[in-house]
Amino acid sequence: MDIFSKIAAGEIPSYKCAENEEFYAFLDINPLVKGHTLVIPRREVDYIFDLDDDELARYQVFAKRVAKAIGKAFPCKKVAQVVLGLEVPHAHIHLIPMQSEQDVDFRREKLKLSEEEFKEIAAKIQEEFV
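Residues numbered from 1 in each chain as written. Predicted model: local features only at pLDDT ≥ 70, side-chain atom pairs only at ≥ 80, totals over all residues. Heavy atoms only, no water.

Visitor: Teacher, can you tell me more about the pairing of strand S2 (residues 23–27) here?
Guide: Regular strands place their side chains on alternate faces of the sheet. Counting buried residues in S2 gives five out of five residues, a clear majority hidden from the surface. As paired elements, strand S1 (residues 16–19) and S2 share three bridges and run antiparallel to each other. Each bridged residue has a counterpart across the sheet, and for Lys16 the counterpart in S2 is Phe26. If you look at the hairpin formed by S1 and S2, you'll find three residues sitting between the two strands. (Buried < 20%, exposed > 50% of the residue type's maximum accessible area, 1.4 Å probe, protein only. Helix = DSSP H or I, 4+ residues; strand = E, 2+ residues; numbered from the N terminus. Pairing = 2+ DSSP bridges.)

Visitor: Would you take a moment to explain the packing of aromatic side chains for this structure?
Guide: Each aromatic ring pair is specified by the distance between its two centres and by the angle formed by the two planes. Overall, the coordinates contain seven aromatic pairs when judged by the stated rule. Ring centres 5.7 Å apart and planes at 35° place the aromatic pair Tyr24 and Phe26 in the tilted group. Overall, Phe26 belongs to the buried group, its relative accessible area being 4%. On the numbers, 5.6 Å between centres and 85° between planes, the contact of Tyr47 with Phe49 is edge-to-face. Residue Phe49 is classed as exposed on the basis of its relative accessible area of 56%. (Phe/Tyr/Trp six-rings, centres within 6.5 Å; stacked < 30°, edge-to-face > 60°.)

Visitor: What exactly am I supposed to notice about the side chain of Asp103 here?
Guide: Mapping Asp103 onto the fold places it in the loop between strand S5 (93–98) and helix H3 (115–128). Judged by its relative accessible area of 14%, Asp103 falls in the buried class. Excluding anything up to four places from it in sequence, Asp103 contacts Leu32, Val33, Ile96, Pro97, Met98 and Arg108. (Contact = heavy atoms within 4.5 Å.)

Visitor: Any chance you could explain the nonpolar core here in plain terms?
Guide: Looking at soluble globular proteins, one finds that nonpolar side chains tend to be buried together. Judged by nonpolar contacts, the single largest core of 28 residues is most densely connected at Val39, Tyr59, Phe62, Val66 and Ile125. Those elements giving two or more residues to this core turn out to be S1, S2, helix H2 (53–73), S5 and H3. For this core, the leading source of residues is H2, giving nine residues. The residues contacting Val66, other than those within four sequence positions of it, are Ala18, Ala25, Thr37, Val39, Leu95 and Phe129. Counting residues in hydrophobic clusters, the runner-up holds eight residues, among them Phe4, Ala8, Leu38 and Val88. (Core = buried A, V, L, I, M, F, W, Y, C linked by side-chain atoms within 4.5 Å.)

Visitor: Help me understand the sheet that holds S5, please; the structure alone is not making it clear to me.
Guide: The pairing of strands in a sheet comes from backbone hydrogen bonds and takes either a parallel or an antiparallel form. Pairing is antiparallel in the open sheet, where five strands are placed in the order S1-S2-S3-S5-S4. With one partner strand each, in any of the chains shown, S1 and strand S4 (78–82) form the two edges of the open sheet. Each strand of the sheet is rotated relative to its neighbour by a mean of 20°, with strand direction disregarded. Looking at chain direction, S2 and strand S3 (residues 37–41) are connected through five bridges and run antiparallel. (Axes fitted to C-alpha atoms, helices over the stretch in contact; angles between N-to-C directions.)

Visitor: Looking at this structure, how should I read the side chain of Asp28?
Guide: Inspection of the secondary structure assignment puts Asp28 in the loop between S2 and S3. Although buried, Asp28 forms no salt bridge, and the nearest oppositely charged side chain, Lys110, lies 8.0 Å from it. Within the structure, Asp28 has its side chain in polar contact with the backbone nitrogen of Asn30 (distance 2.7 Å). Beyond its immediate stretch of four places on either side in the chain, Asp28 contacts His36, Thr37, Leu38, His94 and Phe118. (Lys, Arg positive; Asp, Glu negative; His and termini not counted. Salt bridge = Lys/Arg side-chain N within 4 Å of Asp/Glu carboxyl O. Polar contact = N/O pair within 3.5 Å; in protein donor to acceptor, adjacent residues only side chain to side chain.)

Visitor: What exactly am I supposed to notice about the pattern of salt bridges here?
Guide: A side chain of one charge can pair with a side chain of the opposite charge if their charged atoms are brought near each other. One pass over the structure, following the stated rule, counts eight salt bridges. In this structure, the salt-bridge partner of Glu19 is Arg42, at a minimum N-O distance of 2.4 Å. A residue pair is termed long-range when its members are at least 10 positions apart, and Glu19 in strand S1 and Arg42 in the loop between S3 and H2 qualify at 23 residues. Across the pair Glu55 and Arg43 runs a salt bridge, and its minimum N-O distance is 2.8 Å. Residue Glu55 is found in helix H2, and its partner Arg43 is found in the loop between S3 and H2; the two are separated by twelve residues along the sequence. Through salt bridges that share partners, Lys16, Glu19 and Arg42 make up one connected network.

Quick look at the structure:
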């Protein structure tokens with residue numbers, strides 16, 4: 001079981017933002033901006049395009065709902081969707097509230113947030129996720 005599967009199963013703590021039986025959304029622990037969220041399928045699959053068409057469609061619809069919640073919780077120009085990362089062999093989408101394209105520059109310094117800040121951010125997104 002990979003680290004993201006353990007997070008979705010509750011074996012490793014996370015700052016949950018949204019979930020259903022197929023997908024799980026939680027805060028990135030090295031966020032670019034407040035509200036930076038990861039969305040994963042609960043099923044272990046390494047590459048997003050290895051999902052079958054119906055599952056991929058449901059994944060995108062779930063991510064859209066999470067993005068809308070992020071946008072309400074953290075008003076921004078857009079919520080970026082980025083599929084990037086080779087370090088965890090589990091498909092994941094980054095949802096990042098952005099005011100400019102610089103907010104989605106993964107080379108920039110990550111935010112250092114306290115546990116209380118993470119909890120507040122996750123709670124705001126959960127509140128808006130309907």
